[in-house]
Amino acid sequence: MAIFVNENTKVIVQGLTGGQGKFHGLRNRAYGTNVVGGVTPGKGGQDVEGIPVFDSVADAVKATGADASFIAVPPKAAAAAILEAAKAGITFIVCITEGIPAQDEAKVFNTLLRDYPKVRLLGPNCPGIISPGKCNIGITAGEIAELPSAKGPNVGIVSRSGTLTYQALYELKQQGIGVSTCVGIGGDPVPGTSFVDCLAEFQKDPETHAIIMIGEIGGSAEEEAAEFIKANVTKPMSAYIAGVTAPAGKKMGHAGAIVSGGKGTAQGKMDALREAGVQIGLNPTEAGALMAEIVKGLK
Amino acid sequence: MDLFEYQGKQYFAKFGIPVSAGGVAVTVDEAVKVADASQYPVVVKAQVQVGGRGKAGGIKLANNADEVRLHAGNILGMDIKGHVVKRIWVEHASDIDEEYYASFSLDRAAKMHLLMLSAQGGVEIEEVAEKDPDAIVKLYINPVDGLSEKVARQAAVDAKIPAKALEGVAKILVQLYDCFTAGDCDLAEINPLILKPTGEVHALDAKVSLDGNAEYRHPEWAEYSATEELDDREQLAREKGLQYIGLSGTVGIIANGAGLAMSTLDVVNQVGGTAANFLDIGGGANADQMAAALEVINFDKDVKSIFINIFGGITRGEEVAKGIVEAMKRVDLRAPIVIRLDGTNAEEGREILASAGIPESKLMSKPTMLEAARAAVALANGK
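Residues numbered from 1 in each chain as written. Chains lettered and ligands numbered in written order. Predicted model: local features only at pLDDT ≥ 70, side-chain atom pairs only at ≥ 80, totals over all residues.

(A) Quick peek at helix α8 (residues 266-275) of chain A. Residue and element names in this part refer to chain A. Along α8, the positions that sit buried rather than exposed are Ala266, Lys269, Met270, Ala272 and Leu273. Around the axis of α8, the buried residues are gathered within 165° of arc, so they sit on the same side. More than 90 degrees from the buried face of α8, the exposed residues found are Gln267 and Glu275. In this structure, the buried residues of α8 make contact with β12 (210-216), α7 (221-232), β13 (237-242) and β14 (279-280). Positioned one or two residues after α8, Gly277 has a phi angle of 90°, which is positive. (Buried ≥ 20, exposed ≤ 12 C-beta atoms within 10 Å, placed from the backbone. Helix = DSSP H or I, 4+ residues; strand = E, 2+ residues; numbered from the N terminus. Arc of directions from axis to C-beta. Contact = placed C-beta atoms within 7 Å.)

In C-alpha cells:
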C-alpha cells in the first residue's frame, strides 16, 4: 500500500519534449515508474527514448490508459494543461510548475472542485510524490528514499517545501526507516492537495505507521492540519515548521511563504500542532530524530 | 510587489475606479505645478509603504502655492519609520460626507476570493474587526463565478451602506474586483472609500499588492518594479536574478531551496547568530550561480562569515563542490565560508572541497546543518 500512487499507476508527462519534462520524465521511468506516454501539441507521433508522444492528453489516455499526469510546462501554459488533463479523464495530476499566477491557481482549483470532483491535483510548485520502490512522479531523487519494509514501521512524509522534503527523506534513510509515501504539496498559496488531504490518506493507509509533516510560514494550512489531527489522526507524528526568523511582509522564496498582518507565523503553527499532540523539532534534523524515537517505540 | 499610493490610484484608474485629480512630484517645484493644475485646496501626501503617514506629519492640506511649497519642502526627504520620502502625491482635496472600507484578497483557507466591506472606513480595518466585527461584511466569491453588480449591491446593503451611496459603491466594487482579478492583485484595498456631498463615490486611498508570478502578462508593471524600494544588496541580487532578501545580521546565507534557506536562517538564530540575508540559489547550484551568490553576499559589509547550506538531490554533491571551488576563484571573499554539503554524493563533494587546496581559514566543511551553523556563528562573533 501507499497513498495516491502505486506500482500500477500509469503516468503521462505533459511537456515530455521540453527540458524539464524530458529530464525528470526519463528519471522517473528509470526509477521504475510506469511512464506510458508524453504530450506535446504538434509533436504527436514522435517519441522520447521510446516513450510515445501524443498531441493531446485525450489521445494519450485513449492509447495508453494512463490515469496520472506529470505536468512540467511553463507557467503560462500550466493552468490549461491541468484542465486538459482533468477533461481527458486523468484522475491524479502532479504539477511541478513554479510561478503560476495566484488568480489562475484559484480558478483552476475551483473549476476542478466543481466540474471534476474526482480529480486530485498535487501542486503546483511542488516536488511531486514518491512511493519508494513503486512510483516516483516529479523531481525527487529516488535514491534518497528508503524503501518501506514489509513488517514496518514505515513513515509517511508530507511537506510544503522541496529541499526540506529531501532532507526528511534523507534523515529517515540515515536511520534506516522505511517510507510509505512522500508527498510534496508545494509552496504556493492555493495548493491542489492540502496537508489535511494527505493526513487523511496516511491515517487510512495500513502501510503507514507514523507521519512527518513539514510546514512553513504563511497561510493557515498547518493550523487546519492541527485541527484535523486532533480529531482524526491516531498515528504518531513529528513536525517541523520553517521560517521562525522570517521577517513579516516578505515572500520567502515561495509565493505562499509570507507572514502578513501577524498571521501565518511559525510560532502559531508550532503551538497549534503541539497542542494537537504532534512532537515539534526546531530544525529538520530534530524532527527526524524525534521520528526515529517514535519509530523505535513502535517496533 | 506593493505599490505606492499614487501607483495604486493610477492602477485603479485603468479599471475605471474614480480617484481624485492629482499627480506625483519628486521636487517642490513639481508639487506646485501639480497643485496648480489640480485646483486648490490640495492634499500633499508622502509616498511611503508604511502606515501612520498622517500622524508622522506626512499628509498636509494646502490652500495655495505657498503652502504647497512649505509642506512639500518639509515632507520630501522626511523619515517616516525608516522610510525616506522620495515622492509626494498632490491631489485636489475632496469634501467627505462618509467614509467606507472595501477590499478584495485571496482567502487561502477557503481558496476563494474574499470581499471585505464596511460602512466604517478611514480607520485600520483590523481596529474595526476588533471593536465591532459585525460592522464588516465578508463575502466569499468563487473565482469561477466572479462578482455581479447584483451580488455587490446586496453586499453593500448588508454592510449598511446608506441608500444614496448604494449604486456608486456597487459599481466600484465590480470595478475593484475586475482590477483584483484581471489586474492580478494579491490585494486591492480602498480605505477610505468616500461619499462626497455631491453623491459621488470615490477612492481616496489605494493599497495594491501585485502578484509577482503574473508579471509576464503585465508589461506595464515595469514602471512599478523600477520604483521598488530595494537596498543596494537587493538591487545587485535582482540584477543577477537571485532570490534574495536583505536582513541585518552578520552571517551570510546561501542555500538551495526556499524551505532549506528559511530553515538555515532559523538554525543560525537558534545557535545565537543572526542572518545577513535570505538567498535561495535554486536547484542547480552550479559555478555561475554560486559565483553570483557569493558576489552579492560579499557586497554586504556586515557579513562576517558565510554559511553555504546545500542538500544534493538530483544535483550531485561533487557538482556542487566543483561549482564552489570555481566560484571561489572568481570572487575575492572577505569572509570565511562554512559549508554543509549533504545528500546525493555528498562525500565525493566534500573530498573535492578538501583537496582543492583552500586553507581552512577560508573554507571549512561541516557534516551537519547544526554543526555548520555553530561554526559560522562562532566565526561571525569573532570566536
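(B) Inspection of the sheet that holds strand β6 (residues 88-92) of chain B at higher detail. Residue and element names in this part refer to chain B. Strand order in this open sheet of four strands is β1-β6-β2-β3, and the pairing throughout is antiparallel. Since the sheet does not close on itself, it has two edges, and those belong to β1 (22-25) and β3 (59-62), each with one partner. Pairwise comparison of adjacent strand axes, ignoring direction, gives a mean angle of 20° for this sheet. Two elements, β1 and β6, share four bridges in a ladder whose sense is antiparallel. By the bridge assignment, Val24 is partnered in β6 with Trp89. (Pairing = 2+ DSSP bridges. Axes fitted to C-alpha atoms, helices over the stretch in contact; angles between N-to-C directions.)

(C) Highlighting the confidence of the model for chain B. For chain B, the average pLDDT comes to 93, and 99% of its residues sit at 70 or higher. Interface confidence in the predicted complex, given as ipTM, is 0.92; pTM for the same model is 0.92. (pLDDT = per-residue confidence, 0-100.)

(D) Quick look at unusual backbone geometry. Residue Pro124(A) follows Gly123(A) across a cis peptide bond; omega there is 5°. In this chain, Asn191(B) is followed by Pro192(B) through a cis amide linkage whose omega measures 10°. With respect to the helices and strands, the residue Pro192(B) is situated in strand β10 (residues 185-195). Non-glycine residue Lys111(B) carries a positive phi angle of around 60°. Along the polypeptide, Lys111(B) turns up in the loop between β7 (98-107) and β8 (112-118).

(E) The arrangement of the pairing of strand β17 (residues 337-343) of chain B in detail. Residues and elements named next belong to chain B. Among the seven residues of β17, seven are classified as buried, and the element is accordingly described as predominantly covered. Where strand β16 (residues 305-312) meets β17, seven bridges bridge the pair, whose relative direction is parallel. Looking at the pairing, Phe311 lines up with Asp342 of β17. Note on the crossover from β16 through helix α11 (residues 317-330) to β17: the handedness is right-handed. The pairing of β17 with strand β18 (residues 363-365) spans three bridges and is parallel. Its bridge partner being in β18, Val338 is matched across the sheet by Met364. For the crossover that starts at β17, traverses helix α12 (residues 346-354) and ends in the parallel β18, the hand is right-handed. (Right-handed = clockwise from strand over helix to strand, strands pointing away.)

(F) Fine view of the packing of helix α5 (residues 162-174) of chain A against helix α9 (residues 258-270) of chain B. Remark: α5(A) packs on α9(B), axes separated minimally by 5 Å, with the N-to-C direction vectors making an angle of 75°. Classified by the interaxial angle, the pair formed by α5(A) and α9(B) is roughly perpendicular. Across the interface between the two elements, Gly162(A), Thr163(A), Leu164(A) and Gln167(A) of α5(A) pack against Gly259(B), Leu260(B) and Ser263(B) of α9(B). (Parallel < 35°, antiparallel > 145°, perpendicular 65-115°, else oblique.)

(G) View of the domain arrangement of chain B. With domains assigned, chain B is organised as domain 1 (20-92), domain 2 (98-225) and domain 3 (232-380). Between the C-alpha centres of domain 1 of chain B and domain 3 of chain B the distance comes to 44 Å. (Domains from an automatic or database assignment.)

(H) Seen up close, the pairing of β12(A). Residue and element names in this part refer to chain A. Burial of β12 is extensive: seven of the seven residues sit out of reach of the surface. The sheet contact formed by strand β10 (residues 154-159) and β12 spans five bridges and is parallel. For Ser159, the partnering residue across the bridge sits in β12 and is Ile214. In terms of strand pairing, β12 meets β13 through six bridges, oriented parallel. If you follow Ile212 over to β13, its bridge partner there is Ser238.

(I) Broad picture of the nonpolar core. Ranked by size, the top nonpolar core spans 155 residues in total, and within it Ile71(A), Ile82(A), Ile93(A), Ile253(B) and Ala376(B) carry the most contacts. Sorting elements by how many residues they give to this core places helix α13 (residues 369-380) of chain B first, with eight residues. Of all hydrophobic cores here, the second largest spans 66 residues; its members include Leu3(B), Ile88(B), Leu147(B) and Ala188(B). (Core = buried A, V, L, I, M, F, W, Y, C linked by C-beta atoms within 7 Å.)

(J) Broad picture of the interface of chain B and chain A. On the chain A side, the residues contacting the 45 residues of chain B number 49 residues. Mapped by element, the contributors of at least two residues to the side of chain B that touches chain A are β8, β13 (243-246), α9, β15 (277-280), β17 and α13 of chain B. In terms of residue count, α9(B) provides more of the side of chain B that touches chain A than any other element does, 11 residues in total. Residues belonging to the side of chain B that touches chain A are distributed by class as follows: 21 nonpolar, 15 polar and nine charged. (Nonpolar A, V, L, I, M, F, W, Y, C, P; charged D, E, K, R; others polar.)

(K) Examining the environment of Asp300(B) more closely. All names here are of chain B. Along the chain, Asp300 turns up in the loop between α10 (287-299) and β16. The class of Asp300 is buried, set by 23 C-beta atoms lying within 10 Å. Each C-alpha atom of the pair Asp300 and Ala222 lies 27 Å from the other, and the pair is 78 residues apart in sequence. Discounting residues that sit within four places of it in the chain, Asp300 has contacts with Arg233, Gly252, Ala276 and Asn277.

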